[in-house]
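Secondary and tertiary structure notes
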Amino acid sequence: MKKLLIITILAAGALAIGAQSGNDLFQKALILERTEGNLQEAIKLYQQIVEKFASDRKLAAQALLQMGRCYETLGSHEAQNAYQKVIERYPEQANAVQAAKDNLSRLHKANAVENASGFKLIKIYTGEDYVDSISPDGQK
C-alpha cells in the first residue's frame, strides 16, 4: 500500500511538471512575440490560452488582446476580430476592453486615412529609440 501511494504521488508530480499553467504559456507567447519575433507561433499559443484557460477570464482577455497586437503587426485584418472578441466576451475586464477599444479606434482611423488618400500607413518602428532615417528600400 505504501509503495502504491509513493508511485501515485510521483506520477502526479510528473504530470504537474509536464503541464503548463496559463500564465506559463502566456509568458512563453510573450517571449516568442517580443524577443524572437515569431508572431505566428505566439498567436498559436495565445489561441491555446483562450481555449484551454477560458475560466481565467482576465488571462483569456489579455491573450486575445496580445493576439490582436500580433495580427496588427502582421498587417492582418484579424486584429479587428480579436479586439472585438475582447469587447464582446469579456466586458468585465475593463482594462483589456479599453485597450481593445483604443486599438480598434486607431485601426479605424488608419483605415479611413488609407481609403481617403490612397496612402497606406505602416508602422515601421515600435521601439523606444529614436530613428532618424528610413532604409533606402523604404522597408525599415
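Coordinates for the structure precede this section.
Residue positions are given per chain, counted from 1 along the sequence in the order it is written. Given that the model is predicted, a residue must reach a pLDDT of at least 70 before its local features are reported, and side-chain atom pairs must reach 80 or more before they are shown or counted; all residues, however, enter totals for whole chains, interfaces and linings. Only hydrogens and water are set aside when side-chain values are computed; all heavy atoms of the structure are taken into account.

So, the packing of helix α2 (residues 22-35) against helix α3 (residues 39-52)
When two helices pack together, you describe them by how their axes are tilted relative to each other and by the distance separating the axes. Two elements in contact, α2 and α3, have axes whose closest approach is 8 Å; the angle formed by their N-to-C orientations is 165 degrees. Here α2 lies roughly antiparallel to α3, going by the angle between them. Seen along the crossing, α2 lies across α3 with a hand that is left-handed. Listed contacts from α3 to Gly-22, Leu-25, Phe-26, Lys-28, Ala-29, Leu-30, Leu-32 and Glu-33 of α2 are Leu-39, Glu-41, Ala-42, Leu-45, Tyr-46, Gln-48 and Ile-49. Classes in brief: Ala, Val, Leu, Ile, Met, Phe, Trp, Tyr, Cys and Pro nonpolar; Asp, Glu, Lys and Arg charged; the others, Gly included, polar. Of the residues belonging to the contact of α2 with α3, the class tally is ten nonpolar, two polar and three charged. Every angle, taken between N-to-C directions, lies between 0 and 180 degrees, and every axis is a line fitted to C-alpha atoms, over only the stretch in contact when it is a helix. Numbering of helices and strands runs from the N terminus; a helix is a DSSP stretch of H or I covering at least four residues, while a strand is a stretch of E covering at least two. Angles below 35 degrees are treated as roughly parallel, those above 145 as roughly antiparallel, those between 65 and 115 as roughly perpendicular, and all remaining angles as oblique. For any helix crossing, the convention is left-handed if the near helix is rotated counterclockwise from the far helix by under a right angle, and right-handed if that rotation is clockwise. Between two residues, a contact is recorded if the distance between any of their heavy atoms is within 4.5 Å.

Some points on the pattern of salt bridges
Within this document, salt bridges are pairs made up of a side-chain nitrogen of Lys or Arg and a carboxyl oxygen of Asp or Glu, the two lying within 4 Å of each other. Within the structure shown, the criterion is met by three salt bridges. Note that Glu-92 and Arg-57 form a salt bridge whose closest N and O atoms lie 2.5 Å from each other. With Glu-92 in the loop between α5 (78-89) and α6 (94-117) and Arg-57 in helix α4 (residues 57-74), this residue pair connects regions lying 35 residues apart in the sequence. Arg-57 gets classed as partly exposed once you look at its relative accessible area, which sits at 33%. The buried label goes to any residue with under 20% of its type's maximum accessible area, the exposed label to any with over 50%, and the partly exposed label to all in between, with areas taken from a 1.4 Å probe on protein chains only.

Notes on the nonpolar core
Each nonpolar core is a collection of buried residues, namely Ala, Val, Leu, Ile, Met, Phe, Trp, Tyr and Cys, held together in the definition by side-chain atoms within 4.5 Å. One finds Phe-26, Tyr-46, Ile-49, Leu-64, Met-67 and Tyr-83 to be the most contacted residues of the largest nonpolar core, which totals 32 residues. Those elements giving two or more residues to this core turn out to be α2, α3, α4, α5 and α6. It is α4 that provides the largest number of residues to this core, a total of nine residues. The residues contacting Phe-26, other than those within four sequence positions of it, are Tyr-46, Ile-49, Leu-59, Gln-62, Ala-63 and Gln-66.

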